[in-house]
Amino acid sequence: MSISTAESGFNLTGDDLINKERLRNLLVELIKIDSLSRKEYNIAMRLKREMEELGATVTLDDAGAKVGGSVGNLIAQFQGNRPSAPALLLSAHMDTVVPGEGVAPVLDGDILRSDGRTVLGGDDKSGVAIICETLRVIKENKLPCGDTDVVFTICEEAGLVGAKCLDVSRLRARMGLVLDSDSVGFLFTKAPAANRIEFRVHGLEAHAGVCPEKGISAIKVAAEGIAQMKLGRIDHETTANIGIIEGGMAVNIVPNSVVLKGEARSHNPEQLDRQTQHMLRCLEEAAARHRLELGGKEHKARVEAKIERDYDRMEVPDGAPIVQLVRAAARNLNCDLKTTATGGGCDANVLNQKGLQVANLATGMRDIHTVNEWLDLRDLNLCAAMVLEIVRVNAQVP
Ligand SMILES: [Zn+2]
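Every chain is numbered on its own, with residues counted from 1 as its sequence reads. With the structure being a predicted model, the display of local features is reserved for residues of pLDDT at least 70 and the display and counting of side-chain atom pairs for 80 or more, all residues being used for whole-chain, interface and lining totals. As a rule here, side-chain values cover all heavy atoms of the structure and leave hydrogens and water aside.

Undergrad: Can you walk me through the packing of helix α4 (residues 41–53) against helix α6 (residues 122–140) in this structure?
TA: Pairs of packed helices are described in terms of their axes, by the angle between the two and the distance that separates them. In contact at an axis separation of 10 Å, α4 and α6 are set at 15 degrees when each is read in the N-to-C sense. Taken together, the axes of α4 and α6 are roughly parallel relative to one another. In terms of crossing hand, the pair formed by α4 and α6 is left-handed. Residue-level inspection shows I43, L47, E50, M51 and E53 of α4 in contact with α6, the latter providing K125, V128, C132, L135, R136 and K139. Gly falls in the polar group here, along with every residue not listed as nonpolar (Ala, Val, Leu, Ile, Met, Phe, Trp, Tyr, Cys, Pro) or charged (Asp, Glu, Lys, Arg). Looking at the contact of α4 with α6 residue by residue, the class counts come to 6 nonpolar, no polar and 5 charged. To obtain each axis, a line is fitted to C-alpha atoms, and for helices this fit is confined to the stretch in contact; angles are then taken between N-to-C directions over 0 to 180 degrees. By the criteria applied, helices consist of DSSP H or I runs no shorter than four residues and strands consist of E runs no shorter than two, each listed in order from the N terminus. The cut-offs work like this: below 35 degrees is roughly parallel, past 145 is roughly antiparallel, 65 to 115 is roughly perpendicular, and the gaps in between are oblique. Note: crossing handedness is left-handed where the near helix turns anticlockwise from the far helix by less than a right angle, and right-handed where it turns clockwise. It only takes one pair of heavy atoms within 4.5 Å for two residues to be counted as in contact.

Undergrad: Whenever I open this one, the coordination of the zinc ion confuses me. Can you help?
TA: For a metal with four tetrahedral donors the ideal donor-metal-donor angle is 109.5 degrees, whereas six octahedral donors ideally subtend 90 or 180 degrees. For Na, K and Ca the donor cutoff is 3.2 Å, while for all other metals N, O and S atoms count as donors only within 2.8 Å; water does not appear among the atoms, so some sites may look incomplete. The zinc ion binds to the protein through H93 (NE2), D123 (OD), D180 (OD) and D180 (OD); the donor distances cover 1.9 to 2.8 Å. Taken in chain order, the donor set of the zinc ion reads H-x29-D-x56-D. Of the two residues, H93 sits in strand β3 (residues 88–93) while D123 sits in helix α6, which places them 30 residues apart along the sequence. For the pair shown, H93 and D123 are each scored as buried. Only protein chains enter the accessibility calculation, which uses a 1.4 Å probe; a residue whose area is less than 20% of its type maximum is buried, one above 50% is exposed, and one in between is partly exposed.

Undergrad: Would you explain the pairing of strand β6 (residues 148–153) in this entry?
TA: A regular strand places its side chains on the two faces of the sheet in alternate fashion. With 6 of 6 residues buried, β6 is to be regarded as a mostly interior element. In β6, alternate side chains face the same way, and those of T148, V150 and F152 on one face and D149, V151 and T153 on the other are all buried. DSSP-based pairing: two strands are paired if at least 2 bridges between them are found. Examined bridge by bridge, strand β2 (residues 74–78) and β6 share 5 bridges and lie antiparallel to one another. Residue I75 lies in a different strand from β6, and its bridge partner there is V151. Pairing of β3 with β6, which is carried by 6 bridges, proceeds in the parallel orientation. Note that in β6 the partner of L90 across the bridge is V150.

Undergrad: Quick question: what am I supposed to make of the nonpolar core here?
TA: Soluble globular proteins tend to bury their nonpolar side chains together. Counting residues in hydrophobic clusters, the biggest one holds 75 residues, and the most contacted among them are L47, M51, F152, L177, I322, L361 and I390. With 11 residues, the top contributor of residues to this core is helix α12 (residues 377–395). Here the nonpolar core consists of buried residues drawn from Ala, Val, Leu, Ile, Met, Phe, Trp, Tyr and Cys, with membership extended through side-chain atoms lying within 4.5 Å. With 25 residues, the next largest nonpolar core counts F199, L260, A264 and A287 among its residues.

Undergrad: What's the story with the sheet that holds strand β11 (residues 232–235) in this structure? I'm lost.
TA: Strand pairing in a sheet relies on backbone hydrogen bonds, with the paired strands running either antiparallel or parallel. Ordered in space as β11-β12-β14-β9-β17, the 5 strands form an open sheet in which the pairing is antiparallel. Taken across any chain shown, the strands that pair with only one partner, and hence form the sheet edges, are β11 and β17 (302–311). Averaged over all adjacent pairs, the angle separating strand axes in this sheet is 20 degrees, with direction ignored. Both strand β9 (residues 193–202) and strand β14 (residues 257–266) contribute to a ladder of 10 bridges, which runs antiparallel. Note that in β14 the partner of E198 across the bridge is K261. Against the sheet, helix α8 (residues 218–228) engages β9, β12 (238–247) and β14, with an angle of about 20 degrees to β14. Across the sheet, helix α9 (residues 269–288) is in contact with β9, β11, β12, β14 and β17; its angle to β9 comes to roughly 10 degrees.

Undergrad: When you look at the pairing of β3 in this model, what are you seeing that I'm missing?
TA: Among the 6 residues that make up β3, 6 are buried, leaving the element largely enclosed by the rest of the structure. Here β3 shows a buried face lined by L88, L90 and A92 and a second buried face lined by L89, S91 and H93. Two strands pair when backbone bridges link them, and β3 and strand β7 (residues 175–181) are joined in this way by 4 bridges, in the parallel orientation. By the bridge assignment for β7, L90 is matched with L177.

Undergrad: Honestly, the sheet that holds strand β4 (residues 106–108) in this entry has me stumped. Any pointers?
TA: With antiparallel pairing, 4 strands are arranged side by side in an open sheet as β4-β5-β22-β21. Across the chains shown, the open sheet's two edge strands, defined by having one partner strand only, are β4 and β21 (365–366). Summarising the sheet, strand β5 (residues 111–113) and strand β22 (residues 374–376) pair through 3 bridges and their orientation is antiparallel. Opposite L112, over in β22, you have L375 as the bridge partner.

In structure tokens:
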């Protein structure tokens, strides 16, 4: 991999500049710091030190207090040496999913994995480590660089709530990258909008052995409704899931309440709305079939729905400056870069919603959210070289 000196104006290769050992060591160190959602204080303090050492002005915002966490989002602002270059945002999240405490990383050649008891936490500490290493290389080599805003968010895994609390007016950058996806060589520019859905089905309780005819089973109503629902992959841009069922009190009580929690996602907002309404209608139609009269009073099953937009879709056009910038950097590195859509949501959804143009660059994390999570360090190094080149190409904008 080499940078075309004609295009970049440098006689260096990104590959040479990235200190692979230092990057790996930092990644391993970060992985060993427990940082479940809302418990990011220790890793935030470590990263605050790192960012200050590199010359950034660091603030921690009030997102932690707002979401009941131990620390807020970390915002590190670097003064560039190319005032004409557009300010750039580089972002990754500090929190990890469960089981994610006491992670013991195992290195096998170039493959880093957990010992099988926990996730690795490469999601998203790979992104965090790459950002740190890139900025260190820039400082070390006094490379040209525009103003850079680094944001390490909290609680991404808990519904993107750290990013939702971020006041983007504190940032100078209006475009940038979130480093939080798997396959290196891909830039994720499209992601679906998602609805968070909670249905509460109300029935009528009764003794299950003595007088079951005086009851309406909320579980039976829910089951009939779910049986009619289209779930899973609905079409090429839409998915839906009921992920949690909670209800009933005892085996001898006809259950009067059951709660269903689920989601729907779509790249198409109308389709998202249609799917969400379809799920509600299935339950309402089931509820309408269950009614009874007791002592002259009519009892009906009913459904209460709580539907919230979890996040809006992300759609960064291929012609957007950030996409063009990543493409130019990839070209310089002889990398074949593809823009693509993902079915997942990330902080970039929220940042785009807040008016920034942010795409999601892959770091090489694999099998995330499982105890089999792993990462190829060669992918990590490649992504770091890519981010470095992105910063350098951005600094050349007249
Ligand atoms: Zn992530």
